[in-house]
Amino acid sequence: MGAAAETPQQGVRDPATAGNDTGAPRATATGGEGEPHSRHQDARLGSTDKELKSRATAADSVRTASGTPRQRGPRAEVMDAAGGSRNPLPRPCHVLVLLNPRGGKGKALQLFWSHVQPLLAQADVSFTLMLTERRNHARELVRAEDLRRWDALVVMSGDGLIHEVVNGLMERPDWETAIQKPLCSLPAGSGNAMAASLNHYAGYEQVTNEDLLTNCTQLLCRRLLAPMDLLSLQTACGQRLFSVLSLAWGFIADVDLESEKFRRLGEMRFTLGTCLRLVALRTYRGSLAYLPAETLASRGAPSPARAPQGPADTHVVPLEQPVPPHWTVVPEQDFVLVLALLHSHLASELFTAPMGRCSAGAMHLFYVRAGVSRATLLRLFLAMEKGRHMEYHCPHLVYVPVVAFRLEPKDGKGVFAVDGELLISGAVQGQVLPNYFWMVSGCTESPPSLKPQPSPRRKSQQRTPPAERR
């Protein structure tokens, strides 16, 4: 195909870091509009959830929000081409909280009232609480919601719920403006990778559970927004979807999906799942190709194209065609895992990308070739808690920052996990959409954009990982 030979790279640390569904349970509460927090919560909860009703009745310090759209002065609603900073959320502000009461250990609702609501009240953030009842419920809700009512959408669950929300926004007829609605991630699931990454970008120490929830709630109270990349995916069956975090195939996807039955263990489900999968270690035959970020920077990005529905993928060709000749092709072989990751963490205790945040428009690509021992793989995952796994210089582990990729399983084994959710497909490809949506974050600046770089230094930056330390 005339493609480039495989040139794995070592990571370089980056110093920068319409109407509602009337059947949905909801409760309206405050902290906003400058009124005293002394009224009872609205009795019209529209919910059969006994815990929500009893907790709302006891919330004497919480008043009722009006629930009507408020007129505000003009604010920037669209990012500039460089993904520059945006005005922070207003004060006071009103947010819609989408909460999965069954996420993680099943204590999300209790944690909201004990850890989140008091901080929001102090920060003048009023909210309407809506409980999701089933898979893809949040996706359905945001497709129909009048987004003008809210200053931001707050997602309290694991990474799967924010995946639903983003894809629901992108399925709306007004997707171009809908995806501009600021989002906030409050961790109450098992993995909580997005929240952990935002915690890391804000400069906080790596924490878990209630500490991570408190940190992310404080970010919401600070109201700062930052642009985030989005991963656009295409499958062999013609499906189009979007990822906010990762696509995994092989070992990581199996652990993520097979440990679902241990959800009540919280984050421990992944530790248990890893041990079980190590005992019965599998390999997965496939082919992998990618467009290195470095190659794109030296060539320059193509001119953006428009599409009638959804953004155009300018770096990929149809799956039935060979990849472009300037892509890097990994020879067909057996893999243990392949992981495309947009952010620093794969779970709250898995600091998977310690090499620094990628430039806007790029993502981390990791893959592990077959032949790695169980002991070495275990050491890598244990070291990943502190981001030390790259220090082993394992010859089977390859890392490269990329703009786009294509992955084609060859033996029918293995499934894909997108943001922790199952995706069944014979092949998949994706590319990064830079600075595509807004999230509550501790920093307002986006990562540096990919720009053409002088070519003389490229050779020194391309090197094979050194031998594994024993």
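See the structure printed just above.
Heads up: these notes are all about the structure in this document. Note that the coordinates shown come from a computational prediction; the quantities given were computed from them, not determined experimentally.

Thoughts on the overall build of the protein
Looking only at helices and strands, one finds 12 helices and 15 strands in the protein. Across the 470 residues that make up the protein, the buried fraction comes to 57%. Carbon together with sulfur atoms contributes 52% to the accessible area of the protein, which is approximately 19500 Å² in total.

Thoughts on the pattern of salt bridges
According to the stated counting rule, one finds 12 salt bridges in the structure shown. Of the charged contacts in the structure, one is a salt bridge between Arg134 and Glu140, with a shortest N-O distance of 2.6 Å. A residue is classified by how much of its surface remains accessible, and Arg134, at 39% relative accessible area, is partly exposed. Overall, Glu140 belongs to the partly exposed group, its relative accessible area being 29%. Arg240 is the partner of Asp313 in a salt bridge, and the nearest nitrogen-oxygen pair spans 3.4 Å. Of this pair, Asp313 sits in the loop between helix H10 (293-299) and strand E10 (328-341) while Arg240 is found in strand E7 (residues 240-243), placing the two residues 73 residues apart along the sequence. With a relative accessible area of 30%, Arg240 lands in the partly exposed category.

Remarks on the environment of Leu423
One can find Leu423 in strand E14 (residues 421-423). A relative accessible area of 5% places Leu423 in the buried class. C-alpha separation for the pair Leu423 and Ala253, spaced 170 residues apart in sequence, amounts to 9.8 Å. Excluding its chain neighbours within four sequence positions, the residues that come into contact with Leu423 are Thr235, Gln239, Leu241, Val415, Phe416 and Val418.

Section: the nonpolar core
Grouped together as the largest cluster of nonpolar side chains are 73 residues, with contacts concentrated most on Leu153, Val165 and Leu169. Ranked by residue count, the leading element in this core is helix H4 (residues 159-170), at six residues. Setting aside residues up to four positions removed in sequence, Val165 forms contacts with Leu98, Ala138, Val142, Leu153, Val155 and Leu183. Formed by 34 residues, the second largest nonpolar core is a distinct cluster that contains Leu89, Val95, Leu213 and Cys221.

Considerations on the packing of aromatic side chains
Enumeration according to the criterion identifies nine aromatic pairs in this entry. A centroid spacing of 6.2 Å and a plane angle of 65° characterise the contact between Trp249 and Phe335, whose relative ring orientation is edge-to-face. Of this pair, Trp249 sits in strand E8 (residues 246-250) while Phe335 is found in strand E10, placing the two residues 86 residues apart along the sequence. In terms of burial, Trp249 and Phe335 fall into one category: buried. The interplanar angle of 35° and the centroid separation of 5.3 Å between the aromatic rings of Phe251 and Phe381 together place this pair among those described as tilted. On the criterion of sequence distance, the pair formed by Phe251 in helix H8 (residues 251-258) and Phe381 in helix H11 (residues 374-383) is long-range, its members being 130 residues apart. Neither Phe251 nor Phe381 differs from the other in exposure class; each is buried. Positioned over the ring face of Tyr201 is Arg357, at 4.3 Å from the centre of the ring.

Examining helix H3 (residues 137-144)
The α-helix advances 3.6 residues per turn, and as a result positions three or four apart in sequence lie on the same side. Turning to H3, its buried residues are His137, Ala138, Arg139, Leu141 and Val142. Packed against the buried residues of H3 are strand E2 (93-99), strand E3 (125-131), strand E4 (152-157) and H4.

Quick word on unusual backbone geometry
Geometrically, the link from Arg91 to Pro92 is a cis peptide bond, its omega value of 0° lying close to zero. Within the secondary structure layout, Pro92 lies in the loop between helix H1 (50-58) and E2. At Arg223, a residue that is not glycine, the phi angle is positive and equals roughly 75°. Following the sequence through the fold, Arg223 ends up in the loop between helix H7 (209-222) and strand E6 (225-235).

A few points about helix H2 (residues 108-122)
Its 15 residues place the ends of H2 20 Å apart at the C-alpha level, agreeing with the 21 Å of an ideal helix rising 1.5 Å per residue. Taking the largest bend as the criterion, H2 deviates by roughly 40°, centred on Val116, and proline Pro118 comes between one and four positions later. Listing the buried residues of H2 in full gives Ala108, Leu109, Leu111, Phe112, Trp113, Val116, Gln117, Leu120 and Ala121.

Description of the pairing of E4
Counting buried positions along E4 gives six out of six residues, so the element sits mostly inside the fold. Neither face of E4 is exposed, since Ala152, Val154 and Met156 on one face and Leu153, Val155 and Ser157 on the opposite face are all buried. Judged from the five bridges that link them, E2 and E4 form a sheet pairing that is parallel. Bridge pairing in E4 links Leu96 to Leu153. Both E4 and strand E5 (residues 183-187) contribute to a ladder of five bridges, which runs parallel. Paired with Val154 across the bridge in E5 is Cys184.

Quick look at the pairing of strand E12 (residues 397-409)
The element E12 is extensively covered by neighbouring structure, given that 11 of its 13 residues are classed as buried. Here strand E9 (residues 284-292) pairs with E12 via seven bridges, running antiparallel. Within E12, the residue paired with Ala289 across the bridge is Arg406. Bridge count for strand E11 (residues 363-369) against E12 is six bridges, and the pairing is antiparallel.

A closer look at the side chain of Arg223
Nearest to the buried, unbridged Arg223 among oppositely charged side chains is Asp124, at 5.6 Å. Among the polar contacts listed, one links the side chain of Arg223 to the backbone oxygen of Pro90, at a separation of 2.8 Å. Leaving out residues up to four positions away in the same chain, Arg223 has contacts with Pro88, Leu89, Pro90, Arg91, Pro92, Cys93, Ala123, Asp124 and Val125.

Definitions and limits used
Residues numbered from 1 in each chain as written. Predicted model: local features only at pLDDT ≥ 70, side-chain atom pairs only at ≥ 80, totals over all residues. Heavy atoms only, no water. Helix = DSSP H or I, 4+ residues; strand = E, 2+ residues; numbered from the N terminus. Buried < 20%, exposed > 50% of the residue type's maximum accessible area, 1.4 Å probe, protein only. Areas by Shrake-Rupley, 256 points an atom, 1.4 Å probe, with all protein chains shown as cover. Salt bridge = Lys/Arg side-chain N within 4 Å of Asp/Glu carboxyl O. Contact = heavy atoms within 4.5 Å. Core = buried A, V, L, I, M, F, W, Y, C linked by side-chain atoms within 4.5 Å. Phe/Tyr/Trp six-rings, centres within 6.5 Å; stacked < 30°, edge-to-face > 60°. Lys NZ or Arg CZ within 6 Å of the ring centre and 35° of its normal. Expected span 1.5 Å × (residues − 1). Bend = angle between axes of the 7 residues up to and from the residue. Pairing = 2+ DSSP bridges. Lys, Arg positive; Asp, Glu negative; His and termini not counted. Polar contact = N/O pair within 3.5 Å; in protein donor to acceptor, adjacent residues only side chain to side chain.

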